[in-house]
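# Inside the fold
Chain by chain, the residues run as shown.
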Amino acid sequence: LGRRQAGVDLRVTPIRELELSGAGVLDLDAVAASEVRAAADAEPVDHLVIRGDYHYLVPAMYLSHQSLLSVFADGPHQEAGAFVGYELFDMLRLGGGYHVVVFEEGELGGKGEALVRFYPFDRNTLVIQAGYTRFGGSVNGYHGVRGSVGYEVIDPLRLTAESYGYFYDEASGVLQRDYLP
């Protein structure tokens, strides 16, 4: 058995303008949290959404405890920040946010992101999305790009295609050209 986990997900809307959510995953073998998320989404005025969130993650706990790769996994880290989204028109949403990242050793990093979401037809039919992320850490940083297209075939069936690209500031280990044959 590679790993055993249990999870819980909770979402509460005390008023129409506010949604509170949380999620957690417990590693049953280590009896420790492998992931914890908490967020508050508010819509103080029409077309404006503000999200504050916190995320704790232990990436090694998502790998099999039998795996050699678990030795090389990143240690626990936490991030907290905010994201603001604004609906310019019925068919266009823009957003951006920033998160502070705290690594196991107390070192700090940061992650900024920008997002564009386009609905050329009905909001539930076709969604085209593009995003950019800049991550700066104590060891290395990267630029990330993401694109996706989602199409609702019939409710509730939606097909989505996504593509991600990560461009690191410095090549690391086996990815460096002089290590390749």
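Rules used throughout
- Along each chain, numbering runs from 1 in the same order as the chain's sequence is written.
- Under the rules for a predicted model, residues below a pLDDT of 70 receive no local features and side-chain atom pairs below 80 are neither given nor counted, while totals for whole chains, interfaces and linings still include all residues.
- Computation of side-chain values: all heavy atoms of the structure, hydrogens and water removed.
- Only runs of H or I of at least four residues qualify as helices and only runs of E of at least two qualify as strands under DSSP, and these elements are numbered from the N terminus.
- Think of it in three bands: residues with accessible area under 20% of the maximum for their type are buried, residues over 50% are exposed, and the middle band is partly exposed, with areas taken using a 1.4 Å probe on protein chains only.
- Here, two residues are considered to be in contact whenever any of their heavy atoms come within 4.5 Å of each other.
- Salt bridges, as used here, are contacts in which a Lys or Arg side-chain nitrogen is within 4 Å of a carboxyl oxygen on Asp or Glu.
- Only strands joined by at least two bridges in the DSSP assignment are considered to pair.
- To get an axis, a line is fitted to the C-alpha atoms, and for a helix only the part in contact is used. The angle between two axes follows their N-to-C directions and goes from 0 to 180 degrees.
- Here a Phe, Tyr or Trp ring, Trp counted by its six-membered ring, pairs with any other such ring whose centre lies within 6.5 Å, and the pair is stacked when the planes are under 30 degrees apart, edge-to-face when over 60, and tilted otherwise.
- Candidates for patches are residues over 30% relative accessible area with no salt bridge; among them, like charges are joined within 9 Å and nonpolar side chains (Val, Leu, Ile, Met, Phe, Trp, Tyr) within 5 Å.
- Note on areas: Shrake-Rupley with a 1.4 Å probe; residue coverage comes only from the protein chains shown.

Further remarks concern the overall build of the protein. Scanning the protein for helices and strands turns up zero helices and ten strands. Counting helices and strands in the order they occur from the N terminus, the protein gives β-β-β-β-β-β-β-β-β-β. Taking all 181 residues of the protein together, 22% fall into the buried category. The long-range fraction of contacts in the protein, counting pairs at least 24 apart against all pairs at least 6 apart in sequence, stands at 33%.

One pass over the structure, following the stated rule, counts nine salt bridges. Among the salt bridges present, the one from Arg4 reaches Asp29, with a minimum N-O distance of 2.7 Å. Of the two residues, Arg4 is situated in the segment before strand 1 (5-15) and Asp29 in the loop between strand 2 (18-27) and strand 3 (32-45); the sequence distance between them amounts to 25 residues. By relative accessible area, Arg4 is classed as partly exposed at 41%.

For the rest of this paragraph, the subject is the sheet that holds strand 9 (residues 141-154). Taken in spatial order, the ten strands make up an open sheet running 1-2-3-4-5-6-7-8-9-10, and their pairing is antiparallel. The two strands at the open ends of the sheet, each matched to only one other strand, are strand 1 and strand 10 (157-168). Averaged over all pairs of adjacent strands, the angle between strand axes in this sheet comes to 15°, irrespective of strand direction. Taken together, the twelve bridges between strand 5 (residues 77-89) and strand 6 (residues 92-103) define a ladder with antiparallel strand orientation. What sits directly across from Ala82, in strand 6, is Tyr98.

Our focus in this paragraph is the packing of aromatic side chains. Per the counting criterion, the structure on display carries four aromatic pairs. Centroid distance Phe103 to Phe135: 6.3 Å. Interplanar angle 85°. Geometry classified as edge-to-face. Of the two residues, Phe103 is situated in strand 6 and Phe135 in strand 8 (residues 126-136); the sequence distance between them amounts to 32 residues. Owing to a relative accessible area of 23%, Phe103 belongs among the partly exposed residues under this scheme.

A separate point is a nonpolar patch on the surface. Taken together, the side chains of Tyr86, Leu88, Phe89, Met91, Leu94, Val116, Phe118, Ile128 and Val149 present a nonpolar region at the surface, about 740 Å² in accessible area. For the nonpolar patch, the elements supplying multiple residues, two or more each, are strand 5 and strand 7 (108-118). Per-element accounting of the nonpolar patch gives the leading share, three residues, to strand 5. Mapping Leu88 onto the fold places it in strand 5.

For the bond from Asp155 to Pro156, the omega torsion is 10°, close enough to zero to count as cis. Structurally, the position occupied by Pro156 is in the loop between strand 9 and strand 10. The backbone of Val31 shows a phi angle near 50°, a positive value even though the residue is not glycine. Structurally, Val31 is set in the loop between strand 2 and strand 3. Although it is not a glycine, His47 adopts a positive phi angle of roughly 75°. For His47, the location among the structural elements is in the loop between strand 3 and strand 4 (48-57).

It is worth stressing that arrangement in space is one thing and function is another; only the former is reported here.
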